[in-house]
Amino acid sequence: MITLDCESRDSALKSLSCIYGVPEIEIEAFLKETDIDKHCSEHDLPHAGDIELTILFEKAVGCAPSTLERVYWFHLTRAKSGSDFGPGILPLNEALPGIWDTILDIFKGSKHEEPLLKLRVEGVPNHQYELKVGNPLLAGPYAMLVRESAFLSDEMGNHDYLWLPEIVEDICNAYDDMNGEMIHDTVCAFLVPYVVKFWSNKKIGKSCIESAMYYLYRTAHSQELSMYANTCFDGENQKVPREQIVKIENVEKLHNKSLIVPS
């Protein structure tokens with residue numbers, strides 16, 4: 001089976017070696033000898049550097065990639081400790097009742113419980129929340145191709161999903177706007193960051209290979225990762241079944257942020 005797995009740089013390199021039938025050492029040599037930024041600056045290209053890098057590689061080795069049959073992805077979230085994702089990874093509208101239950105459970109018996117319950121029943125006056133809820137085009141679930149990107153949100157310009165999932169942050173933002181009090185860190189302190197690895201054959205196009213190649217290039221040159229060194233999975237309002245989940249990783253020790261722990 002032809003698969004792509006970017007859990008680590010080694011696994012990504014091994015995957016591309018199998019995809020192209022080219023030894024790992026040959027891929028590494030090409031990446032280290034190539035200056036894609038210089039090349040792109042010297043040519044008027046209709047595409048980005050990740051695509052051009054892959055084109056150059058295929059010309060250098062004289063072969064095309066095998067068709068992908070399975071790609072491994074990394075869903076980033078924060079959930080209760082011990083979560084086993086038994087129902088799978090759910091799209092937003094299926095996950096939302098459980099999200100609200102969790103938030104209300106965190107603040108049970110506190111002064112925040114009643115205002116939050118009111119938000120749940122009467123609606124959340126937050127543009128981002130309203131945009132996502134009820135819109136199947138924005139329901140996900142979402143995931144990253146490159147696991148390392150989970151910990152480089154600032155560097156890559158991504159939302160930090162290990163801090164708070166977007167919809168949870170939207171609820172917290174609305175609460176702050178209405179009540180003048182931030183509850184973000186309190187929610188965060190009760191939850192655990194998870195990286196959930198799963199496989200899918202839903203997105204297996206060339207863009208996955210191009211992103212993996214560029215990821216290897218940037219790391220080969222000790223450069224910061226960029227948006228082109230990763231690509232995203234969109235479940236398009238369909239859940240990822242539990243049987244496709246291969247690893248549930250608690251990354252609390254790898255994702256430390258200063259938290260305000262509630263009394």
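Residues numbered from 1 in each chain as written. Predicted model: local features only at pLDDT ≥ 70, side-chain atom pairs only at ≥ 80, totals over all residues. Heavy atoms only, no water.

## Regarding the overall build of the chain
Here's step 1: Counting its secondary structure elements, the chain contains 11 helices and 6 strands.
Here's step 2: Across its three principal axes, the chain shows a C-alpha extent of roughly 65 × 40 × 35 Å.
Here's step 3: When the 263 residues of the chain are sorted by exposure, 47% land in the buried category.
Here's step 4: Look at the contacts in the chain between residues 6 or more apart in sequence, and 79% of them connect residues 24 or more apart.
Here's step 5: Carbon together with sulfur atoms contributes 50% to the accessible area of the chain, which is approximately 13100 Å² in total. (Helix = DSSP H or I, 4+ residues; strand = E, 2+ residues; numbered from the N terminus. Buried < 20%, exposed > 50% of the residue type's maximum accessible area, 1.4 Å probe, protein only. Contact = heavy atoms within 4.5 Å. Areas by Shrake-Rupley, 256 points an atom, 1.4 Å probe, with all protein chains shown as cover.)

## Focus on helix α11 (residues 206-220)
Here's step 1: Taking 1.5 Å as the rise per residue, α11 with 15 residues should run 21 Å; its terminal C-alpha atoms sit 21 Å apart, in good agreement.
Here's step 2: With 11 of 15 residues buried, α11 lies mostly within the body of the structure.
Here's step 3: The secondary structure elements touched by the buried residues of α11 are β1 (3-4), α1 (9-20), α2 (24-33), α3 (36-42), α4 (49-61) and β2 (70-79).
Here's step 4: Count one or two residues on from α11 and you reach serine 222, which has phi positive near 55 degrees. (Expected span 1.5 Å × (residues − 1).)

## A short note on the confidence of the model for the chain
Here's step 1: Confidence in the prediction for the chain averages 92 pLDDT; 97% of positions are at 70 or higher.
Here's step 2: A low-confidence stretch, residues 258-263 (pLDDT under 50), is modelled with 12 contacts involving residues beyond four sequence positions or located in other chains. (pLDDT = per-residue confidence, 0-100.)

## Here's the deal with the packing of α4 against α11
Here's step 1: Running from amino to carboxyl end, α4 crosses α11 at an angle of 90 degrees, the nearest separation of the two axes being 8 Å. In terms of orientation, α4 and α11 fall into the roughly perpendicular class. Mapping the contact onto sequence places Gly49, Asp50, Ile51, Leu53, Thr54, Phe57 and Glu58 in α4 and Lys206, Glu210, Met213, Tyr214 and Tyr217 in α11.
Here's step 2: Residue composition of the contact of α4 with α11, grouped by class: 6 nonpolar, 2 polar and 4 charged. (Axes fitted to C-alpha atoms, helices over the stretch in contact; angles between N-to-C directions. Parallel < 35°, antiparallel > 145°, perpendicular 65-115°, else oblique. Nonpolar A, V, L, I, M, F, W, Y, C, P; charged D, E, K, R; others polar.)

## Focus: the layout of surface pockets
Here's step 1: Space inside the largest pocket adds up to approximately 1000 Å³.
Here's step 2: Classifying every residue of the lining of the largest pocket gives 24 nonpolar, 11 polar and 5 charged. (1 Å grid on protein atoms, 1.4 Å probe; cavity = no way out; pocket = protein on both sides within 12 Å on 5 of 7 lines; lining within 4 Å. Points joined across faces, edges and corners; volume = space filled by probe spheres on them.)

## Describing the pattern of salt bridges
Here's step 1: The full count for this structure, using the stated rule, is 12 salt bridges.
Here's step 2: Among the salt bridges present, the one from lysine 197 reaches glutamate 7, with a minimum N-O distance of 2.5 Å. Residue lysine 197 is located in strand β4 (residues 192-200), and its partner glutamate 7 is located in the loop between β1 and α1; the two are separated by 190 residues in the primary sequence.
Here's step 3: On the basis of relative accessible area, glutamate 7 is assigned to the partly exposed category, the value being 21%.
Here's step 4: Residues glutamate 58 and lysine 206 are paired through a salt bridge, measuring 3.1 Å at the closest nitrogen-oxygen approach. Separated by 148 residues along the polypeptide, glutamate 58 in helix α4 and lysine 206 in helix α11 bring together distant segments of the chain.
Here's step 5: For glutamate 58, a relative accessible area of 16% gives the class buried.
Here's step 6: Overall, lysine 206 belongs to the partly exposed group, its relative accessible area being 34%. (Salt bridge = Lys/Arg side-chain N within 4 Å of Asp/Glu carboxyl O.)

## Points about helix α9 (residues 166-179)
Here's step 1: Spanning 14 residues, α9 covers 20 Å between terminal C-alpha atoms, matching the ideal 20 Å at 1.5 Å per step.
Here's step 2: Considered for burial, the residues of α9 that qualify are Ile167, Val168, Glu169, Asp170, Ile171, Cys172, Ala174 and Tyr175.
Here's step 3: The secondary structure elements touched by the buried residues of α9 are α5 (92-106), α6 (113-122), α7 (127-132) and α10 (184-190).
Here's step 4: Of the residues trailing α9, glycine 180 is marked for its positive phi of about 65 degrees.

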